[in-house]
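# Understanding the architecture of this molecule
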Amino acid sequence: MRRLSLLIVYVAGLCLLSLPADHLQAGGVAKVTKPTRKPYGIEKRILWTSKIKGTPDPPSLYHTVIAFPKLRFNEPLAMCIVPGTDRLAVAERGGKIYTFVNNPKTSTKELLVDVGRTVYGLAIHPQFLQNGFVYVSSVLDLKNPAPNGSRVSRFTAKRPGSPHADAKSEKVLLEWPSGGHNGGCLRFGPDGYLYLATGDGSGIADGLHTGQDISDLLGSILRIDVDRRTGDQEY
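Described in the following lines is the structure provided in the data block. (Residues numbered from 1 in each chain as written. Predicted model: local features only at pLDDT ≥ 70, side-chain atom pairs only at ≥ 80, totals over all residues. Heavy atoms only, no water.)

### Quick notes on the sheet that holds strand S3 (residues 76-81)
If you trace the four strands from one edge of the open sheet to the other, you get S3-S4-S5-S6, paired in antiparallel fashion. Two strands bound the open sheet, and with one partner strand each, they are S3 and strand S6 (110-114). Mean inter-strand twist for the sheet, computed between neighbouring axes without regard to direction, equals 25 degrees. Sheet analysis places S3 next to strand S4 (residues 87-92), joined by five bridges and oriented antiparallel. Looking at the pairing, Cys80 lines up with Ala89 of S4. (Pairing = 2+ DSSP bridges. Helix = DSSP H or I, 4+ residues; strand = E, 2+ residues; numbered from the N terminus. Axes fitted to C-alpha atoms, helices over the stretch in contact; angles between N-to-C directions.)

Right under this line is the structure:
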């Protein structure tokens, strides 16, 4: 058996430390050796050993289905109910707005109105059966931003409750600058007011620095009383 020279150090009479002789410097002082570290990476790829297949989470309680398999729309952007009826309304990006019976088996849609320009939002007045009012947000020209390029308009059904309106019945309620982020979402709240979300009017990242400015209409949620007129305004 090979002998090793040992250095024994007593610490407060309670413990000791033993080191082989080849770890000692002259005079019995321990040598400190720094570990060798590689600059990066691993030498060999570690094999993936997991046996999990698929997801460990349980399957979802819900799954999506096509609600109206017999209907087709071109770039639908907005949808709402037609109050007081069994119909739904859908607005296509290109400007056409359709209504149809709320039944999965329905195969027919009827043109409510063709706005003739890009549509972003749609809302139908809660008293549609009495007044026939349809509210639409749209942009006049996507390629040419303008100070009044975004607008909310009101169209009127040919008769109260009719699923058809005349494009010539348009009344412009409100206008704001267009320019990329145009917003346009429309909803009637339970309080009867019409709510409108406007964009920041810029092409990217609130370029006009208007997102926190409440002195203009851009980058805002607006509440509009469409049932009362003020002077020559339609709200």
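There's plenty left to go through after this.
### Thoughts on empty space enclosed by the protein
Remark: the empty space left among the atoms is shown by a probe the size of a water molecule rolled over them. In total, this model carries one cavity of 30 Å³ or more according to the counting rule given. By volume, the largest cavity amounts to about 40 Å³. Lining the largest cavity are Val82, Arg87, Thr99, Leu112, Ile124, Phe128, Gly161, Ser162 and Pro163. Taken together, the residues that form the lining of the largest cavity break down as five nonpolar, three polar and one charged. (1 Å grid on protein atoms, 1.4 Å probe; cavity = no way out; pocket = protein on both sides within 12 Å on 5 of 7 lines; lining within 4 Å. Points joined across faces, edges and corners; volume = space filled by probe spheres on them. Nonpolar A, V, L, I, M, F, W, Y, C, P; charged D, E, K, R; others polar.)

### Points about the environment of Asn182
The residue Asn182 is located in the loop between strand S10 (171-176) and strand S11 (183-188) in this model. Classification of Asn182 by relative accessible area gives buried; the value is 4%. Linking Asn182 and Gly219, residues 37 residues apart in sequence, is a C-alpha distance of 8.9 Å. In contact with Asn182, not counting residues within four places along its chain, are Tyr120, Val139, Leu142, Ser150, Trp176, Pro177, Thr198 and Gly199. (Buried < 20%, exposed > 50% of the residue type's maximum accessible area, 1.4 Å probe, protein only. Contact = heavy atoms within 4.5 Å.)

### Focus: the side chain of His125
Inspection of the secondary structure assignment puts His125 in the loop between strand S7 (118-124) and helix H1 (128-131). We classify His125 as buried; its relative accessible area is 3%. Separated by 3.3 Å, the side chains of His125 and Asn131 make a polar contact. With residues up to four places along the chain from it excluded, the contact list for His125 reads Pro83, Asn131, Phe133, Tyr135, Phe188, Val226 and Asp227. (Polar contact = N/O pair within 3.5 Å; in protein donor to acceptor, adjacent residues only side chain to side chain.)

### A closer look at the packing of aromatic side chains
Counted according to the given criterion, the structure contains five aromatic pairs. Seen in terms of ring centroids, Phe73 and Phe100 are 5.9 Å apart; in terms of plane orientation they differ by 40 degrees. Their pairing is tilted. Linking Phe73 in the loop between strand S2 (15-19) and S3 with Phe100 in strand S5 (residues 96-101), this pair joins segments that are 27 residues apart in sequence. The class for Phe73 is partly exposed, based on a relative accessible area of 26%. On the accessibility criterion, Phe100 (0% relative accessible area) is buried. One aromatic cluster is present, built from ring pairs that chain together Phe68, Phe73, Tyr98 and Phe100. The residue whose ring lies beneath Lys109 is Phe73, and the NZ or CZ to ring-centre distance is 4.6 Å. Taking NZ or CZ as reference, Arg223 lies 4.5 Å from the ring centre of Tyr193, over its face. (Phe/Tyr/Trp six-rings, centres within 6.5 Å; stacked < 30°, edge-to-face > 60°. Lys NZ or Arg CZ within 6 Å of the ring centre and 35° of its normal.)

Nothing here speaks to function; it is geometry throughout.
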